[in-house]
Amino acid sequence: MKKLFTICLFFSCSLAIAQVQFKSGKNGFTNFLTQNTIYPQFSKDNCIQGTVNISFKLNAQGKVYFSKVSKGILSDLDQEALRLIRMSSGKWQVPAGYDTTVSIVAPVNFKLQGYNCEGKSNEAVQEAIRNYQAEEALTNSVINFYKNIDQAKPGQEVQIIAIKNQLGIDDEYLEDRIQMGLKKIKQGDKQGACEDFLFVKYMGSKIADDYLAKYCK
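Just so you know, these numbers come straight off a predicted model, no measurement behind them.

Here is what the cut-offs are and how they apply
Residues numbered from 1 in each chain as written. Predicted model: local features only at pLDDT ≥ 70, side-chain atom pairs only at ≥ 80, totals over all residues. Heavy atoms only, no water. Helix = DSSP H or I, 4+ residues; strand = E, 2+ residues; numbered from the N terminus. Buried < 20%, exposed > 50% of the residue type's maximum accessible area, 1.4 Å probe, protein only. Contact = heavy atoms within 4.5 Å. Areas by Shrake-Rupley, 256 points an atom, 1.4 Å probe, with all protein chains shown as cover. Lys, Arg positive; Asp, Glu negative; His and termini not counted. Charge placed at Lys NZ, Arg CZ, Asp CG, Glu CD. Core = buried A, V, L, I, M, F, W, Y, C linked by side-chain atoms within 4.5 Å. Phe/Tyr/Trp six-rings, centres within 6.5 Å; stacked < 30°, edge-to-face > 60°. Lys NZ or Arg CZ within 6 Å of the ring centre and 35° of its normal. Axes fitted to C-alpha atoms, helices over the stretch in contact; angles between N-to-C directions. Parallel < 35°, antiparallel > 145°, perpendicular 65-115°, else oblique. Left-handed = near helix turned anticlockwise from the far one by under 90°. Nonpolar A, V, L, I, M, F, W, Y, C, P; charged D, E, K, R; others polar.

> How do you make sense of the overall build of the protein when you look at a structure like this?
Counting its secondary structure elements, the protein contains eight helices and six strands. Dimensions of the protein along its principal axes, counting C-alpha atoms only, are 60 × 45 × 30 Å. When the 217 residues of the protein are sorted by exposure, 38% land in the buried category. Considering only contacts within the protein whose residues lie at least 6 apart along the sequence, 74% involve residues at least 24 apart. Here the protein has roughly 12,600 Å² of accessible surface; of this, 49% comes from carbon and sulfur atoms. Averaging the locations of the 27 positively and 22 negatively charged side chains of the protein gives two centres separated by 9 Å.

Written as structure tokens, this is what we have:
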């Protein structure tokens, strides 16, 4: 059975904002989502689905100059929805006299099909989300350590390595993160790719250094 995921977007906006259109036509944004969404691995593995609300603003050229998660799932789906809106920058057509200070709210709905998620209980999904938040806090402690490694105390890295092992952040994981970054480069999402490469760097690895030098100056 072919495994699929679907991503839907609906606009909640005023009449004035409703005049904003995707440059490639009526189905342009839907096609854009289909072509560019990378369903985050943690949420895919744990059957986490749902709606992420992204609030964003467009300038007169149809570029996204501000975006934030206004209501999230508190998993890696939040960042993927935000990334998609950020990638849509410049692909919007706005009418003359458009109020560039007004926010558009875009609920992005993530749904998995064919991943044996039908029997997954809500309790199990919520437990996975709690685990994600706990892991994110530990990951941030690793990032902060390597960002400030010059200030590290003797023996502290041993504890950080233990946290990385606990999180399953090994060479294979970091290589997968680099491949994800390279995929984003092909999509034109330089910022997202550089975030992946920086993540690898701040896990104490040098394997992303060449990509950082090439794409993220």
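> Is there a simple way to explain unusual backbone geometry in this structure?
Leaving glycine out, the prevailing phi sign among residues is negative, and the prevailing peptide bond configuration is trans. Even without being glycine, leucine 74 reaches a positive phi, approximately 70°. By relative accessible area, leucine 74 is classed as partly exposed at 48%. The backbone phi angle of asparagine 116 is positive, close to 55°, even though this residue is not glycine. Tracing the backbone through its elements, the reader meets asparagine 116 in the loop between β6 (104–113) and α4 (122–147).

> Would you explain the nonpolar core in this entry?
Nonpolar side chains in soluble globular proteins tend to be buried together. Ile48, Phe56, Leu58 and Trp92 are the most contacted members of the largest nonpolar core, which totals 34 residues. Counting only elements with at least two residues in this core, the list comes to α1 (28–36), β3 (50–58), α3 (76–87), β6 and α4. Top contributing element to this core by residue count: α3, with six residues. Among all residues touching isoleucine 48, those that are not within four sequence positions of it are Tyr39, Phe42, Ser43, Ile73, Ser75, Leu77, Leu112, Val125, Ala128 and Ile129.

> Looking at this model, I keep getting lost on the packing of aromatic side chains. Mind explaining?
How two aromatic rings sit relative to each other is given by the distance of their centres and the angle of their planes. In total, this model carries 12 aromatic pairs according to the counting rule given. Centroid distance phenylalanine 22 to tryptophan 92: 4.9 Å. Interplanar angle 85°. Geometry classified as edge-to-face. Here phenylalanine 22 is found in strand β2 (residues 21–22), whereas its partner tryptophan 92 is found in strand β5 (residues 92–93), with 70 residues between them in sequence. The interplanar angle of 25° and the centroid separation of 5.4 Å between the aromatic rings of phenylalanine 197 and tyrosine 211 together place this pair among those described as stacked. In this pair, phenylalanine 197 sits in helix α7 (residues 190–201) while tyrosine 211 sits in helix α8 (residues 209–215), placing the two residues 14 residues apart along the sequence. Ring pairs connect the aromatic residues Phe22, Phe29, Phe32, Phe56 and Trp92, which therefore count as one cluster. Positioned above the aromatic ring of tyrosine 202 is the side chain of lysine 147, whose terminal nitrogen or guanidinium carbon lies 5.3 Å from the ring centre. The ring centre of phenylalanine 199 lies 3.9 Å from the NZ or CZ of arginine 177, which sits over that ring.

> Would you mind going over the packing of helix α6 (residues 171–187) against α7 with me for this structure?
The relative placement of two packed helices comes down to the angle between their axes together with the axis-to-axis distance. Running from N to C, α6 and α7 cross one another at 165°; their axes reach a closest spacing of 7 Å. Regarding the angle of α6 to α7, the classification is roughly antiparallel. Between α6 and α7 lies a crossing of left-handed hand. Along its contact with α6, which presents Tyr173, Leu174, Arg177, Ile178, Met180, Gly181, Leu182, Lys184 and Ile185, the element α7 presents Lys190, Gly192, Ala193, Asp196, Phe197, Phe199 and Val200. Partitioned by chemical class, the residues of the contact of α6 with α7 number 10 nonpolar, two polar and four charged.

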